[in-house]
Amino acid sequence: MSNKYKVGDIVSGKVTGIQPYGAFVALDANTQGLVHISEITYGFVKSITDHLTVGDIVRVKILDIADNDEKISLSLRALQAKPIKRKEQLPRKSLQDRVDEKDSVGFNSLKEKLGEWIEESGLN
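Throughout, residues of each chain are indexed from 1 in the direction in which the sequence is written. Local features in this predicted model are restricted to residues whose pLDDT is 70 or higher, and side-chain atom pairs enter the listing and the counts only when it is 80 or higher, whereas totals over whole chains, interfaces and linings include all residues. For the side-chain quantities, the full set of heavy atoms in the structure was used; hydrogens and water were omitted.

Colleague: Please set out the packing of aromatic side chains residue by residue, giving values where relevant.
Modeller: Ring pairs are drawn from Phe, Tyr and Trp, using the six-membered ring of Trp, whenever the two centres fall within 6.5 Å, and their geometry is named by plane angle: stacked under 30 degrees, edge-to-face over 60, tilted for the rest. Counting across every chain of the model gives 1 aromatic pair. Pairing Tyr21 with Phe24 gives two aromatic rings, centres 6.2 Å apart and planes at 90°, and the pair type is edge-to-face. Each residue is assigned to one of three classes by its accessible area relative to the maximum for its type, calculated with a 1.4 Å probe on protein chains only: buried under 20%, partly exposed between the two thresholds, exposed over 50%. On the basis of relative accessible area, Tyr21 is assigned to the partly exposed category, the value being 40%. A residue is classified by how much of its surface remains accessible, and Phe24, at 24% relative accessible area, is partly exposed. Charge-over-ring contacts are defined here by two conditions on Lys NZ or Arg CZ: a distance within 6 Å of the ring centre and an angle within 35 degrees of the ring normal. Stacked on the ring of Tyr42, the Lys or Arg Arg77 has its end atom at 5.2 Å from the ring centre.

Next comes the structure, spelled out in structure tokens:
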């Protein structure tokens, strides 16, 4: 089996079973691999059945082949474009920069309100 498939190969297979931790994919009549739940897609996967059904034909990438027991690790996610996160698009300001931005406005408005609040409380 290890001669037929290599790490990095992209192959098609049929989903033969789904468990809470992953989906089993038959690559041929004698070879089966597992797509772990973390390799289904980018982001959180609550249930594999939201993405796959037994009998689906899928393209997967071979991530690893364990020689001792011939287990094959597969990935659907490796064939998908990585989503762009909104945070990566904007430069991040440091905490000090954000405090400095609000500093003059925040403390001045507090200073202005303090007299008003003392007057409202009747303590003067």
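Colleague: Explain the pattern of salt bridges to me, and be specific about the residues and the numbers.
Modeller: Should a side-chain nitrogen of Lys or Arg be within 4 Å of a carboxyl oxygen of Asp or Glu, the pair is scored as a salt bridge. This model, assessed by the stated rule, comprises 2 salt bridges. The residue Glu39 makes a salt bridge to Arg77 at a minimum N-O spacing of 3.2 Å. Taken together, the residues Glu39 in the loop between strand 3 (32-36) and strand 4 (57-66) and Arg77 in the loop between strand 5 (71-75) and helix 1 (86-89) connect sequence positions 38 residues apart. Classification of Glu39 as buried rests on a relative accessible area of 15%. Judged by its relative accessible area of 26%, Arg77 is partly exposed. By the criteria applied, helices consist of DSSP H or I runs no shorter than four residues and strands consist of E runs no shorter than two, each listed in order from the N terminus.

Colleague: Mind laying out the nonpolar core, listing which residues take part and the relevant values?
Modeller: In these notes, a set of buried Ala, Val, Leu, Ile, Met, Phe, Trp, Tyr and Cys residues joined through side-chain atoms within 4.5 Å is what counts as a nonpolar core. In terms of nonpolar packing, the biggest core is built from 18 residues, with Leu27, Leu52, Val60 and Leu74 touching the most fellow members. Put simply, the parts of the chain that give this core at least two residues each are strand 1 (10-19), strand 2 (22-26), strand 4 and strand 5. At 4 residues, strand 4 tops the list of elements feeding residues into this core. In this structure Leu52 touches Val15, Ile18, Ala23, Ile40, Val58 and Leu76, once residues within four positions along its chain are discounted. We call two residues in contact when some of their heavy atoms are within 4.5 Å.

Colleague: Any chance you could break down the pairing of strand 5 for me, citing the residues and the numbers?
Modeller: Any two strands are treated as partners once DSSP identifies two or more bridges connecting them. As judged from the 3 bridges shared by strand 3 and strand 5, these two strands associate in the parallel manner. Residue pairing in the sheet places Leu34 in a bridge with Ser73 of strand 5. Inspection of the sheet shows strand 4 paired to strand 5 by 5 bridges, in the antiparallel sense. Looking across to strand 5, one finds that Ala66 is bridged to Lys71.

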